[in-house]
Amino acid sequence: MTVTTHALTVRPITGPEELDLFNRLPYAQNSEIGADLAEGRRHPSWMWVALDGDRLLARLSWWCRNSDVAPLLLDVLDVDGAADDVDRVEVAEHLLRTASAATLPDGGTPPEYLRFVPADWQRDPRDRRAVEERMAAVERNGGSLLVERLRFEWTPGGTAPRPGDRLRFRPIRDEEEVLGLMVRALEGTLDAHDRVDLEHRTADEVAAENYADEFEQYTTPREWWRIATLPDGGPVGFVLPARNDYHPMIGYIAVLPEHRGNGYIDDILAEGTRVLAEEGVERVRAATDKGNMPMARAFQRAGYATLSGIVNMDWKK
């Protein structure tokens, strides 16, 4: 007998007491969801389930920073891969449509969908099916693929990375200096999010928004941030080591357009990693678009292991 979406119970969880129910479906981020709920990055009213009696068929959750009041990302959308008595895409589509109508404001642009996936998910039939089913459910709700990204992780092992002797490094002077360098780095950027934003806004506006939305939110010391210069003091690029709510990370790294192609990215990445390594961190996380192969190769050369892929989908504004 095939279970139809009309027979399902679709609702938000009642609270932390239903966390075990919500986490019945496996996902790499499950271990963080309880803390997210306790610390305000998730809310029960944003965490929805689709039930066939007592059986959890699908779930979703939006996420935000604990300073936000509205969902920032849709980062959980799961359907039971072993449920062969349902149309899994239809169930996920129905759940997303129902939850969105009840949770998101009318007429607004839904938050971006972000999903951690195996880096080589297209090669394994089971992984491919699972990823494509989720993507299809988002597409049926009006979303489309924005970009695929790669996540990397560096862990201590032996000597911490050290930059070469071609560049000098100093702390930032002030916010104005960082913003100015961010504007310059947007020229010719390979970052898909920035490229989309630059279609509608100036580089100054994009840099200011990126800074306010993310980098200004970091609570780790600004003294960690580094400007890379030539011996004469002229800036070559910069790196913003930081820690978010979960991990130490390379928050932003860039080489200015006029200095690209000279291998400076390796030295700048080594300096950013060194700053965090000397803080005694257990790991450093980073990410870049799949299409930004120069940056991906730099992470690999620096000893960063490929942790996973990321699928980003959005709704056109």
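In case you missed it, the structure is sitting above this.
Because the structure is a prediction, the values reported are computed rather than measured.

Student: Whenever I open this one, the pairing of strand β12 (residues 305-314) confuses me. Can you help?
Tutor: Walk down a regular strand and you will see the side chains alternate between the two sheet faces. Burial analysis of β12 places seven of its 10 residues in the buried class, the great majority of the element. Taken together, the five bridges between strand β5 (residues 112-117) and β12 define a ladder with antiparallel strand orientation. Among the inter-strand pairings, tyrosine 113 is bridged to a residue of β12, identified as methionine 313. When strand β6 (residues 144-154) meets β12, the two strands line up antiparallel, connected through nine bridges. Bridge pairing in β12 links leucine 150 to glycine 309.

Student: When you look at the environment of arginine 126 in this model, what are you seeing that I'm missing?
Tutor: Mapped onto the elements of the fold, arginine 126 is located in helix α4 (residues 125-140). Judged by relative accessible area, which is 71%, arginine 126 ranks as exposed. Each C-alpha atom, one on arginine 126 and one on glycine 81, is 8.9 Å from the other, the two residues being 45 residues apart in sequence.

Student: In this structure, what is going on with the packing of helix α3 (residues 88-103) against α4? I would like to understand it.
Tutor: Any two packed helices are characterised by the angle at which their axes cross and by the distance between the axes. α4 packs onto α3 with a crossing angle of 45° between their chain directions and a minimal axis gap of 8 Å. Accordingly, the angle class assigned to the pair α3 and α4 is oblique. For the element pair α3 and α4, the recorded crossing hand is right-handed. Facing α3, whose interface residues are Arg88, Val89, Glu90, Ala92, Glu93, Leu96 and Arg97, α4 presents Arg129, Glu133, Ala136, Ala137, Val138 and Arg140. The class makeup of the residues in the contact of α3 with α4 is six nonpolar, no polar and seven charged.

Student: It is not clear to me how the environment of leucine 114 should be interpreted in this structure. Could you clarify?
Tutor: The residue leucine 114 is located in strand β5 in this model. Taking C-alpha positions, leucine 114 is 19 Å from alanine 296, a pair spaced 182 residues apart along the chain. Those residues in contact with leucine 114, other than ones at most four positions away along the chain, are Leu73, Leu74, Asp75, Ile310, Val311 and Asn312.

Student: Would you mind going over the pairing of strand β9 (residues 235-243) with me for this structure?
Tutor: Here β9 lies mainly inside the structure; seven of its nine residues are buried. In terms of strand pairing, strand β8 (residues 226-229) meets β9 through four bridges, oriented antiparallel. Residue pairing across strands places alanine 228 opposite glycine 237, the latter belonging to β9. What sits between β8 and β9 in their antiparallel hairpin is a turn of five residues, with glycine 233 showing a positive phi close to 95°. Bridging between β9 and strand β10 (residues 248-255) involves seven bridges; their strand directions are antiparallel. Residue proline 241 lies in a different strand from β10, and its bridge partner there is isoleucine 250.

Student: Would you take a moment to explain the nonpolar core for this structure?
Tutor: Here is a general trend for soluble globular proteins: nonpolar side chains tend to be buried in one another's company. Counting residues in each nonpolar core, the largest one holds 45 residues, and the members touching the most others are Trp225, Phe238, Ile250 and Tyr304. Setting aside residues no more than four positions away along its own chain, tryptophan 225 makes contact with Arg170, Pro171, Ile172, Val178, Tyr211, Phe215, Tyr218, Val239, Leu240 and Pro241. Judged by nonpolar contacts, the second largest core, of 31 residues, contains Ala50, Ala58, Ala92 and Trp315.

Student: Explanation requested: the packing of aromatic side chains in the structure shown.
Tutor: Between two aromatic rings, the relevant description is the distance of the centres plus the angle of the planes. One pass over the full model with this rule turns up six aromatic pairs. For the pair tyrosine 211 and tryptophan 225, a centre-to-centre distance of 6.4 Å together with 90° between the ring planes defines the contact as edge-to-face. Of this pair, tyrosine 211 sits in helix α7 (residues 203-213) while tryptophan 225 sits in the loop between α7 and β8, and the two are 14 residues apart along the sequence. Across the pair, tryptophan 225 and tyrosine 211 agree in class, each one buried. With 5.8 Å between their ring centres and 75° between their planes, phenylalanine 215 and tyrosine 218 make a pair best called edge-to-face.

Analysis parameters
Residues numbered from 1 in each chain as written. Predicted model: local features only at pLDDT ≥ 70, side-chain atom pairs only at ≥ 80, totals over all residues. Heavy atoms only, no water. Buried < 20%, exposed > 50% of the residue type's maximum accessible area, 1.4 Å probe, protein only. Helix = DSSP H or I, 4+ residues; strand = E, 2+ residues; numbered from the N terminus. Pairing = 2+ DSSP bridges. Axes fitted to C-alpha atoms, helices over the stretch in contact; angles between N-to-C directions. Parallel < 35°, antiparallel > 145°, perpendicular 65-115°, else oblique. Left-handed = near helix turned anticlockwise from the far one by under 90°. Contact = heavy atoms within 4.5 Å. Nonpolar A, V, L, I, M, F, W, Y, C, P; charged D, E, K, R; others polar. Core = buried A, V, L, I, M, F, W, Y, C linked by side-chain atoms within 4.5 Å. Phe/Tyr/Trp six-rings, centres within 6.5 Å; stacked < 30°, edge-to-face > 60°.

These results come straight from atomic positions and should not be treated as a statement about function.
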